[in-house]
Amino acid sequence: MTRVRELLLRATNPTATVFVLLVFVFAAVFVKNPGFFEGPSLMAFLKQAAPLVILAAGQYFVIVSGNFDLSVGALVGAQVVIAARLIDGEESRTFPVMAVMVLFGIAVGLVNGLITTALKVQSFITTLGMLLVLYGAIRLWTGGAPTGSLSESFRVLGRMGIENVPVLGQIPWALVVMVAVGAGSVLLMRTRFGRVLMAAGDNDRAAALSGARVDTARTLAFVLSGVSATIAGVLIGGFAGVSAQVGDGLEFTVITAVVLGGVVLGGGRGSVLAAMAGALVIEALFTLFNQFALPATLRPAVQGAIIIAAVAYAARRRTRPVPTATATPPTATASPTPS
Amino acid sequence: MRTTRIAAAAAAALGIMLATACTTDAPTEEADEATTEEASGDEWFVQADYDAQLAQRDVEPEGDPATPWLQAIEPEWVDTAAFAQEGGNATVCFSNASVSNPWRVTGWITMQQQVAVLQESGQIGEFRHSDAGDDDDQQISDIQAFVDSGDCDALIISPSTTATLTPAVEAACESGVPVIIFDRGVNTDCAVTFIHPIGGYAFGADAAEFLVDNLEPGSKVLALRILPGVDVLENRWAAAQEIFADSELEILGNEFTGGDAAEIKNIVTQYLQRGDVDGIWMDAGDGAVAAIEAFEDAGAPYPVMTGEDELSFMRKWQETGMTALAPVYSNFQWRTPVIAATMILAGEQVPSEWVLPQDPITEAERDQYLEVNADMPSLHYAKFGGEDLPGFPEAWQDR
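Residues numbered from 1 in each chain as written. Chains lettered and ligands numbered in written order. Predicted model: local features only at pLDDT ≥ 70, side-chain atom pairs only at ≥ 80, totals over all residues.

Draft legend 1. Spatial organisation of the overall build of chain A. When helices and strands are counted, chain A shows 14 helices and two strands. Burial statistics for chain A: of 339 residues in total, 53% are counted as buried. Expressed as a percentage of contacts within chain A between residues at least 6 apart in sequence, the contacts between residues at least 24 apart total 79%. (Helix = DSSP H or I, 4+ residues; strand = E, 2+ residues; numbered from the N terminus. Buried ≥ 20, exposed ≤ 12 C-beta atoms within 10 Å, placed from the backbone. Contact = placed C-beta atoms within 7 Å.)

Listed below in structure tokens is the structure:
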């Protein structure tokens, strides 16, 4: 009996819940369209989901350290537009421009981080400002509509893959990048840096008093978010090419994903793997919407509901003591251990 | 408890952000009121307008076919002697809704180039313009400011939305300045002339008829749409539904994409996973290339497709040799209002409703348009109508 209760408790732990949700949504997709789980179609799904998953990893670092990064959507858009304008179809410029993009992503993250930590501006305001600055600056620079075009080699990462793989058909490069980013993020959270980040979000004064360099860690989190937006920009631009709307609203989708992954807004709790799984759930959910022929205009409303429900759920878990807490080991509740 | 409150506040703030971002980021603003309910085709369908537009497609326009921006379909000429001014050097003012999409950017450049010509000839002295950034309130105050200044000899308005801008336009008319409306209309005929291409029904019908003619009965067609609630776009879809209803094509679905290439590619990829797609109908060409790439990446044969005269689509069409049509929402209409202003100030007659021709680009004409526009960026529109202006081609390349 205790055993069952313990399992139930584990499943309702916000971090684990997302994996249960993922199974449920996939099951629903399968019922509606069994063909979805055939190799090529599953690979196409992962290729398209990869940018959001990578963004979720970047956003996780910022949120777990107690901040927000609302500028990622605008940054993704800016990166794609910058790439198209600078490359302008010339193959030879691909890699220099990618280097410029990485530097730009780091710079934006650094500015976000320094304004938040050194000037003590709340990250919500800092990154909201950055969103508007990027949005406006790009429109000013391009006169309202993006110009130029991406080179074929730029588009390889987002569009192509390892061909002729048995059963799967094609393993998209986007999936490879996604797995690499995921593994890197998990490893990073196990380092000293990861623990400082988590501690900073949980209780920054205690972390600072115990000698952790909280501000440095938080700034680095913004830089990581900027880099993740750059990678996502390369993948999205590669996947579909340039359009004026690239990146619009991505910041909300990604925050929804991270929150759905049980990562607590305000920081200090949650796992990066769950955040990335949250992104997969969102993408799978949208696939499901499509299969039920629900209008795409419903999505913002659903995202909003998910954010509120997920935060409320997580808050309820932490504020109300579990009646059976004495019977179960404390590790069964939301544990601050990074994974 | 503290964190709970922060979390709750953050969630609430996010909700607000979400709501505002969706309205400000949308390519066209007027969708707001209509987005909450799924707009049905009927709400946007007026049989008389539909019949009139379809008939106008077959009417030979008056004027020289070499200058389509001066042609007019079934014009009713009005006398403008009351507005005639001596001496040229007129101050012309222009209240623009926005330059928030490539179509408007292209047109705005064309208009500026046309103004430069008219300034050279001394007909226009000063050209003032304001950009409302898709904001109705901003545009109302822009128009008010032009009227209050008392400097404008003629006022050109490209309204951001129909109903909201109507009182501001009426106020401008009452001030005695000749008012010229173009692109979207308003609910008043107080303007001297209203300039526009045939319209959304004709666009949607051109595209739908092409699919009906080029696909076998029983073929499956997917409709890709930008957003709901925008009248010119809803009219395109309403017309297509009329045509499709009388055909034997199967419509797989109609999806809103926001014109986002990644979204378009996702949606088309998902449809291809579930079965064949033989035709694609689009209400605007934004992101058309992403739809074509979805077929390439899925290894599916190219669909019969209708996009728009945006060059990225036309170049892909040429490159792949697929069966396609580029319906046109005549971008050259941006030249007409400034020319109309000088005509009115010279006391020449203008049509009260100046309906410009709107002919789709077919495969036969495609290569010729691409050749003329060979150096133009991919988000340029083939029928921009500025090839004879002195700034061509540099002005449109460097935007």
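Draft legend 2. Molecular detail of the sheet that holds strand E7 (residues 220-225) of chain B. Residues and elements named next belong to chain B. Here five strands make up an open sheet; going across it, the order is E8-E7-E9-E10-E11 and the pairing parallel. Each edge of the sheet is formed by a strand with only one pairing partner; in this case those strands are strand E8 (250-256) and strand E11 (324-325). Taken together, the four bridges between E7 and strand E9 (residues 279-282) define a ladder with parallel strand orientation. In the sheet register, Leu-222 faces E9, and the bridge partner there is Ile-280. Strands E7, E9, strand E10 (304-306) and E11 of the sheet are contacted by helix H7 (residues 200-214), whose axis makes an angle of about 170° with E10. In this fold helix H8 (residues 231-245) packs onto E7, E8 and E9, with an angle of close to 170° to the strand it touches most, E7. (Pairing = 2+ DSSP bridges. Axes fitted to C-alpha atoms, helices over the stretch in contact; angles between N-to-C directions.)

Draft legend 3. Representation of the pairing of strand E3 (residues 124-131) of chain B. All names here are of chain B. Judged from the six bridges that link them, strand E2 (residues 90-96) and E3 form a sheet pairing that is parallel. Bridge assignment links Val-92 to a residue of E3, and that residue is Phe-127. Viewed along the sheet, the connection from E2 through helix H4 (residues 102-120) into E3 turns out right-handed. (Right-handed = clockwise from strand over helix to strand, strands pointing away.)

Draft legend 4. A look at the sheet that holds strand E5 (residues 179-182) of chain B. Residue and element names in this part refer to chain B. Taken in spatial order, the six strands make up an open sheet running E3-E2-E4-E5-E6-E13, and their pairing is parallel. Single-partner strands in this sheet number two, and they are E3 and strand E13 (353-356). Direction aside, neighbouring strands of the sheet carry axes that sit 15° apart on average. As paired elements, E5 and strand E6 (residues 193-197) share three bridges and run parallel to each other. What sits directly across from Ile-181, in E6, is Phe-194. Against the sheet, helix H6 (residues 162-174) contacts strand E4 (154-158) and E5, and its axis sits at roughly 150° relative to E5. Across the sheet, helix H12 (residues 336-345) lies against E2, E3, E4, E5, E6 and E13, angled at about 155° from E4, the strand it touches most.

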